[in-house]
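An overview of the molecular structure
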Amino acid sequence: MKKNNINVEDISDPSIQMAVIEPENLMPLPYPYDTPDAQPPLKKLTDDQKERYESDLDGFLALKLPKPETKEEEDRLVGQFLEGLKKLLSRENNWTFLMPLMMSLEYCAKCQTCNDACPVYIASGKEEIYRPTYRAEVLRRIVNKYLKRGGRTFAKFTGNEIDLNWKTVARLAELSYRCTLCRRCAQTCPIGVDNGLINHELRKIFSQEMGIAAEELHEKGSVLQLKTGSSTGMNKPAFMDIIEFLEEEIEEKTGKKIKIPIDKKGADILLIHNAGEFLSWPENPSAFAIIFEEAGINWTLSSEIAGYDAVNYGVWYDDAQLARVAVQHAKIAKNLGVKKIVVGECGHAHKALIVVADRVLNGDLNIPRESCLPILEDIVVNEKIKLDPQKNNFPVTLHDPCNIVRLMGIVEPQRKILRKIAPLFREMSPHGVQNYCCGGGGGFAIMPSLNIPDWRSAVSGRMKFKQILDAFQDEIDPNIRKMICAPCSNCKGAIRDLLDYYDAWEKTGIAYTGLVDLIVNAMVDIDGPFIEWPDEM
Amino acid sequence: MCSISWVQILSYVTFVICVVGIASKVIKIYGLPIHLRWELYPIPHEKDFRYGGSYLEEVDWWKKPRKKNFLNFVKFLFIEILFVRVLYHNNRKMWYLSFPLHFGLYLVIVWLGLLFLAAVLLALGLSTEHVLILFLQGIATVLGVVGFILAAVGCVGLIIRRATAKQLQGYSAPIDYFNLVFILTVVASGFFVWLGDSRFLTIREYLTSLITFSYAGPLGSAITLHIILFSLFAIYLPFTHMSHAFMKFFLWDKVLFEDEPNLKGGSVESRVTTVLNYKQTWSAPHMHAGGTWSETASKGVDNEEK
């Protein structure tokens, strides 16, 4: 049963469905999606799935938490959660984020200012449980009531009324996977409280203490990456085959004979791509190879385990996995003797390796690391390759990946490039550090299970889709080809799924690509176009 | 007769508890271990604060001298703390109430500071008719009255808003109303002192007595009530979430604006070495509880469980 006017305490109530997401209640979209029949339906769970998994949060499943069979099992899981929470607030177990967490838990004034900054909350039609403050408040109350002295006695007066039962824990777990970790909320907080961080820490309790994480992030993500070499499952021989394929494709498409350097000792740069690029968008690593060779850069790729996959899913849910992948990347760079690691077009890999893991990689593992964007800016703006912007003579807008822009402050290099190579470039609104997430942040881009892809396209990516439509509203005619430039692999995947979900190519003529793809497309000494539009594939 | 009154003793105790309370909070923050970087742009000390840019926009950023614009940081803090600019831009309805409350309280602090300064000067021998004393007294009176009124307006407004705005009701506890009512009684009692003493001379004389450790003399009921309420509030404040008023500095400085890179041989490096040697006891199988974080990070390829 769906209850109206959901309160914080309701998270413990086993008799209710906390939210029901229906297309007609979502934030309206602009033309041509401004009518009810233009809204794609949302996939519902089957009765069997509802029977097996904890699904009464909002009817979507990111975690597929099985229902405990006995009360004893429920109590054991609740006990584990509480134990994890204690560790989360302890110095030795959580030095990684203790200070930010403690301050964010302690000083929230509950003014709700952050709510309007959250694309999930707004796009959902202001669903109560998606408020950035909702899950933070649940956690705060559990801490105050169950872990602080006198917490239970004064719970009502201090506003810490909550029951910690299995429903609370199960729903909190699922709810921690309804935030894209874009951290727009923290930007608008007058105190500096970071509800995105609280969500991140919540995921850590489940992963690090209870062994509960989204399968695509853990078993099929960071674990697989450290075991086989890539979260895609691609092993070294497969990688080498793909490199050979790329070299052939480059020659066929551009006439350029390029030998992609692999495991080159003493190269200046170790370039690490999101391995998803090799499989889904091989033109992206090809474009990097063309640009770097043309600019005379001494670079290499790696064929070592995780060396050809920059992803680091640990940044979304688990500090140990974050550290392990980062250490592996650094070890490879150290063994190759490169001067620096450059991260390709992958936002979360940027943030994980360059910034978050900065305080994990000490001593000889502290290899300098930087984004690919400043180097590309240097190549393009200083005309180290010859470019003809007229080859990109179609409307282009830029998506700002949260991890690269808001969370790293890399804002202008990509714009300087686009101003140079795309004469019809226009900004989304808002953009730069105030951008909206693609909807795939926090791991959603790589979570294809059950009905989460529908939730991503209809809810978490809705604001981005609105932004895209608004940016091209003056030329929305599907006969006018338009391009979204998304310099991030996961954003690109989320945008690809958004465009598919809304049938956007057919209805609006909007396609997507990466930044290097547009650069190569503008290169003078390449005859044909490098990018391919959906109707040419 | 006792040389000082119980009200004066309360004031001294208040001062000590308030200072110790605030200091312990600050010391606690400084005592916490270094954390992983979690900065959020725009960061005011970065040279491209205008659009939210950072030093990571440069090729080989680690080879270049770190440029931090301290002035911009101070300017940001000054405007933010004084005018709550982020709230102004993101939640105007709340700002109309929150700003008067906070600004009013800041004026009350300045009022107290100016009266304290006048009391110090008097204790040092200046005459009550000295131009400096008259000046301080005049400014303090204006600021104090305006501060009391603004803070009271803010309190009443916020009480009404918390009780009536749907998005605030479910998140407002009895203690939130209690805090606002508490502040209201403090500033209202201050206002009543002014109604009976239009230049706050009694407050100044009371402060002089505190400085000189001399008997304050018989105090009227209005001033006594104000001193008691003010003292209780000052004792209470550091131990509540209302301390965000000053603790928010650390949320910015130590978390959101903390983008100090870990350079070889730098101060960050040694602090990181310390925390990497902490032992972790997380229970999930892949965590391999009992090892140091350094060991945990190294258990990568070969030791991962299926």
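Calculation rules
- Just so you know, the residues in each chain are numbered from 1, in the order the chain's sequence is written.
- In the order they appear in the text, chains get letters beginning with A and ligands get numbers beginning with 1.
- The predicted origin of the model limits local features to residues at a pLDDT of at least 70 and limits the giving and counting of side-chain atom pairs to 80 or more, whereas totals for whole chains, interfaces and linings rest on all residues.
- Side-chain descriptors were evaluated using all non-hydrogen atoms of the structure, hydrogens and water having been removed beforehand.
- Here the limits of each domain have been adopted from an automatic or database domain assignment.
- Residue contacts are defined here by distance: any two heavy atoms, one from each residue, within 4.5 Å place the two residues in contact.
- Here the quantity called buried area is the accessible surface, traced with a 1.4 Å probe, that two parts lose on coming together, added over both.
- When two rings of Phe, Tyr or Trp (its six-membered ring) have centres within 6.5 Å they constitute a pair, described as stacked for plane angles under 30 degrees, edge-to-face for angles over 60, and tilted for the intermediate range.
- Only DSSP runs of H or I with at least four residues qualify as helices, and only runs of E with at least two residues qualify as strands; both kinds are numbered from the N terminus onward.
- Relative accessibility decides the category of a residue: with a 1.4 Å probe and only protein chains considered, values under 20% of the type maximum give buried, values over 50% give exposed, and everything between is partly exposed.
- Here a salt bridge means any side-chain nitrogen of Lys or Arg lying within 4 Å of a carboxyl oxygen belonging to Asp or Glu.
- Here a polar contact means two N or O atoms within 3.5 Å. Within protein one must be a hydrogen donor candidate and the other an acceptor candidate, and residues neighboring in sequence count only if both atoms are side-chain atoms.
- Buriedness of a pocket was judged along seven lines, with at least five required to meet protein on both sides within 12 Å; pockets are open sets of points on a 1 Å grid over the protein atoms alone, cavities are sets where a 1.4 Å probe fits but cannot get out, and lining residues have an atom within 4 Å of a point.
- Grid points are joined across faces, edges and corners, and a volume is the space filled by probe spheres set on the points.
- Under the grouping applied here, Gly and all other residues not named as nonpolar or charged are polar, the nonpolar ones being Ala, Val, Leu, Ile, Met, Phe, Trp, Tyr, Cys and Pro and the charged ones Asp, Glu, Lys and Arg.
- Between N-to-C directions, angles cover 0 to 180 degrees, with each direction set by a line fitted to C-alpha atoms, over the stretch in contact for helices.
- Handedness of a crossing follows from how the near helix is turned relative to the far one, being left-handed for an anticlockwise turn of less than a right angle and right-handed for a clockwise one.
- In this analysis, strands are considered paired if DSSP registers two or more bridges between them.
- Crossover handedness is defined here as right-handed if the route from the first strand over the helix to the second strand goes clockwise, with the strands pointing away from the viewer.

Re the domain arrangement of chain A
A common way to express how large an interface is: the accessible area buried when the components associate. Residues and elements named next belong to chain A. Per the domain assignment, the segments making up chain A are domain 1 (8–209), domain 2 (218–376) and domain 3 (385–536). Facing the 30 residues of domain 2 at the interface are 32 residues of domain 3. Summing the contributions of domain 2 and of domain 3, the shared interface buries around 2700 Å²; its carbon and sulfur component is 69%. Three residues, W281, E345 and L373, lead the burial of domain 2 against domain 3; their summed loss comes to 25% of the area buried on that side.

What about the packing of aromatic side chains?
Evaluation of the coordinates by the stated rule reveals 44 aromatic pairs over all chains. Relative to A:F278, the ring of A:F239 has its centre 5.3 Å away and its plane inclined at 85 degrees; by these criteria the two rings are edge-to-face. One end of the pair, A:F239, is in helix 11 (residues 236–254); the other, A:F278, is in helix 12 (residues 276–280), and 39 residues separate them in sequence. Take A:F239 and A:F278: they sit in the same class, and that class is buried. A centroid spacing of 4.8 Å and a plane angle of 10 degrees characterise the contact between B:W95 and B:F99, whose relative ring orientation is stacked. With B:W95 and B:F99 both in helix 4 (residues 92–123) and 4 residues apart, this pair spans about one turn of that helix.

Observations regarding the interface of chain B and chain A
With 85 residues of chain B at the interface, the matching set in chain A holds 98 residues. Interface of chain B and chain A: buried area, both sides summed, is about 8000 Å²; carbon and sulfur atoms make up 61% of it. At the junction of chain B and chain A, the tally comes to 4 salt bridges. Across the salt bridge formed by B:E258 and A:R359, the nearest N and O atoms sit 2.8 Å from each other. The tally of links from chain B across to chain A stands at 46 residue pairs in polar contact (both at pLDDT 80 or more). For the side of chain B that touches chain A, the secondary-structure elements that each account for two or more residues are helix 1 (6–31), helix 3 (85–90), helix 6 (166–169), helix 7 (174–196), helix 10 (244–256), helix 11 (267–276) and helix 12 (293–298) of chain B. With 9 residues, the top contributor of residues to the side of chain B that touches chain A is helix 10 of chain B.

A few points about empty space enclosed by the protein
Residue and element names in this part refer to chain A. Across all of its chains, the model carries 5 cavities of 30 Å³ or more by this definition. Computed from the structure, the largest cavity encloses a volume of approximately 190 Å³. Forming the walls of the largest cavity are 20 residues, and the residues nearest its centre are T180, W316, N403, G441 and G442. Among the secondary structure elements, those contributing two or more residues to the lining of the largest cavity are helix 14 (314–317), helix 16 (347–355) and helix 21 (489–501). Looking at the lining of the largest cavity residue by residue, the classes come out as 12 nonpolar, 7 polar and 1 charged. Space inside the second largest cavity adds up to approximately 130 Å³. In terms of lining, the second largest cavity is formed by 15 residues, of which the most central are C118, P132, C179, T180 and C185. Among the secondary structure elements, those contributing two or more residues to the lining of the second largest cavity are helix 4 (119–123), helix 5 (132–147) and helix 9 (195–209).

Regarding the packing of helix 2 (residues 70–83) of chain B against helix 10 of chain B
Residues and elements named next belong to chain B. Contact geometry of helix 2 with helix 10 gives a least axis separation of 12 Å together with a crossing angle of 145 degrees. Regarding helix 2 and helix 10, the two cross each other, and that crossing is right-handed. Contact with helix 2, carried on its side by F73, F76, L77, E80 and I81, involves K248, F249, W252 and D253 of helix 10 and no other residues of that element. Grouping the amino acids of the contact of helix 2 with helix 10 by side-chain chemistry returns 6 nonpolar, no polar and 3 charged.

Focus on the sheet that holds strand 2 (residues 299–300) of chain A
Residues and elements named next belong to chain A. Read from one edge to the other, the open sheet built from 4 strands follows the order 2-1-3-4, with strand pairing classed as parallel. Strand pairing shows two members of the sheet lacking a second neighbour, strand 2 and strand 4 (369–371), which therefore form its edges. Taken together, the 4 bridges between strand 1 (residues 269–272) and strand 3 (residues 340–343) define a ladder with parallel strand orientation. Across the sheet, I269 pairs through a bridge with K340, a residue of strand 3.

Notes on the layout of surface pockets
Roughly 1100 Å³ of volume is contained in the second largest pocket. Lining the second largest pocket are 33 residues, with A:E106, A:N144, A:K148, B:F239 and B:H241 positioned closest to its centre. Where the lining of the second largest pocket is concerned, the elements lending two or more residues are helix 3 (98–107), helix 5 and helix 6 (155–158) of chain A together with helix 1 and helix 7 of chain B. Per-element tally for the lining of the second largest pocket: the top contributor is helix 3 of chain A, with 5 residues. By residue class, the composition of the lining of the second largest pocket is 16 nonpolar, 9 polar and 8 charged.

Here we look at the pairing of strand 3 of chain A
Within a regular beta strand, the side chains point alternately toward one face of the sheet and then the other, so they alternate between its two faces. Residues and elements named next belong to chain A. Side-chain alternation along strand 3 places K340 and V342 on one buried face and I341 and V343 on a second face that is also buried. As paired strands, strand 3 and strand 4 are joined by 3 bridges and run parallel to one another. In the strand pairing of strand 4, V343 is matched with S371. Since strand 3 and strand 4 lie parallel, the crossover through helix 16 that links them has a hand, and here it is right-handed.

Quick word on the domain arrangement of chain B
The domain boundaries assigned to chain B delineate domain 1 (6–29 + 90–242) and domain 2 (267–298). Distance between the C-alpha centres of domain 1 of chain B and domain 2 of chain B: 47 Å.

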